[in-house]
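# Report on the structure
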Amino acid sequence: MSDTALAHYTSTGLDSRKIAFWTFLGSECLLFGTLITTYLVYHGKSVAGPTTEILNIPLTSVSTFVLLMSSLAMVLALAAVTRGDALFARVWLATTALLGSMFLGFQAYEFTHFVHEGLTLQTSLFGSTFFVLTGFHGGHVFIGVVWLLTLLVRSFQGKLGPDKTLQVELSGLYWHFVDVVWIVIFTVVYLLR
Amino acid sequence: MTEHTEQQGHPSTATYLIIAAILTIITLVEVGVFYVPALQGVMAPILLSLSSAKFILVVMFFMHLKQDHTLFAAIFTIPLLLALSVATALMLLFGVLLN
């Protein structure tokens, strides 16, 4: 059944699913706002283990660039689905998922390196707040990648035509939100020491 | 031809590419500022301003809040401002902003 047939319009004339999704993103602002604030409140209060000197700025700059470019690929995927271009919809969805996976790879490498350097979730306040914040973000990226791959499979099944634009738009909103959260984390955690 | 396509009023591919280029340049400037010792004293306001610019560009153009209904902007902005208020209050409470 197409999105149009399923659409539930409210008294505002807007699709209720899109309103619900923006509300969800609003609640996510509060979640990440709390996590970032907790990191800042405990910043510089660790008495054991490595702290911010362990952070690798060149590596994280590259992963930040990768995530920014994934947002570009996502809007191009949405544009392709909107105009009914199945080939480029698949290309850009796959590119977005690939770049998201690359970001997760960078994060896995970073986490592994930190553990080898003696920084774990239990080591210090820095370790706890850093891993919880970036781990939550990484979890969101992982969910986004799974969502994108699901859309890619549906596209190959011929079930992602222009009538399903809203599905891609909602996944895009989620993906871009994950990107803006990282924009804040990159500045607050990595650059502002 | 305007910068917007006819479909749904979303920006054109060229606009998306320009925004991506601006985001890349801002990121390069951020990393550059980090490595300039002379800017240590003013690093926080510079980096927070650049980060805010990136945030706004993504939300306005990639998330289409610039073209979408204002209700979506309100639904997103009000919790965002609430989160910023809570963050500011907690940091003042714990003396983070006073250091």
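Scroll up for the structure.
Bear in mind the structure is a predicted one, so any value in this text is a computation, not a measurement. The numbers attached to residues start from 1 for each chain and follow its sequence in the written order. Chain letters start at A and ligand numbers start at 1, both assigned in the order the entries are written. For a predicted model such as this one, the threshold for reporting local features is a pLDDT of at least 70, and the threshold for listing and counting side-chain atom pairs is 80 or more; totals across whole chains, interfaces and linings nevertheless cover every residue.

### Focus on the overall build of chain A
For clarity, the threshold we go by: Strands here mean DSSP runs of E at least two residues long; helices mean DSSP runs of H or I at least four residues long; both are numbered from the N terminus. To sort residues by exposure, count the other C-beta atoms lying within 10 Å of each residue's C-beta; 20 or more gives buried, 12 or fewer gives exposed, and values between give partly exposed, all with C-beta atoms placed from the backbone. Once C-beta atoms have been placed from the backbone, residue pairs whose C-beta atoms lie within 7 Å are recorded as contacts.
The secondary structure content of chain A amounts to six helices and zero strands. For chain A, the sequential pattern of α-helices and β-strands runs α-α-α-α-α-α. Along the longest, intermediate and shortest principal axes, the C-alpha atoms of chain A span 60 × 35 × 25 Å. The 193 residues of chain A split such that 42% are buried. Across chain A, the fraction of contacts at a sequence separation of at least 24, relative to all contacts at a separation of at least 6, is 83%.

### Things to note about helix α3 (residues 57–82) of chain A
Applied cut-off: A helix is expected to span 1.5 Å multiplied by its residue count minus one.
With 26 residues, α3 of chain A should cover 38 Å at 1.5 Å per step; its first-to-last C-alpha distance of 38 Å lies within 8% of that length. Looking one or two places after α3 of chain A, you find Gly-84 of chain A, whose phi comes out positive at around 80°.

### As for the interface of chain A and chain B
How big an interface is tends to be stated in terms of the accessible area lost upon association of its parts. To keep it simple, the criterion reads: In this classification, Asp, Glu, Lys and Arg are treated as charged, Ala, Val, Leu, Ile, Met, Phe, Trp, Tyr, Cys and Pro as nonpolar, and every other residue, Gly included, as polar.
Contacts between the two partners involve 37 residues from chain A and, on the opposite side, 40 residues from chain B. Mapped by element, the contributors of at least two residues to the side of chain A that touches chain B are α2 (16–41), α3 and α6 (165–191) of chain A. No other element matches α2 of chain A, which puts 13 residues into the side of chain A that touches chain B. Of the residues belonging to the side of chain A that touches chain B, the class tally is 23 nonpolar, 12 polar and two charged.

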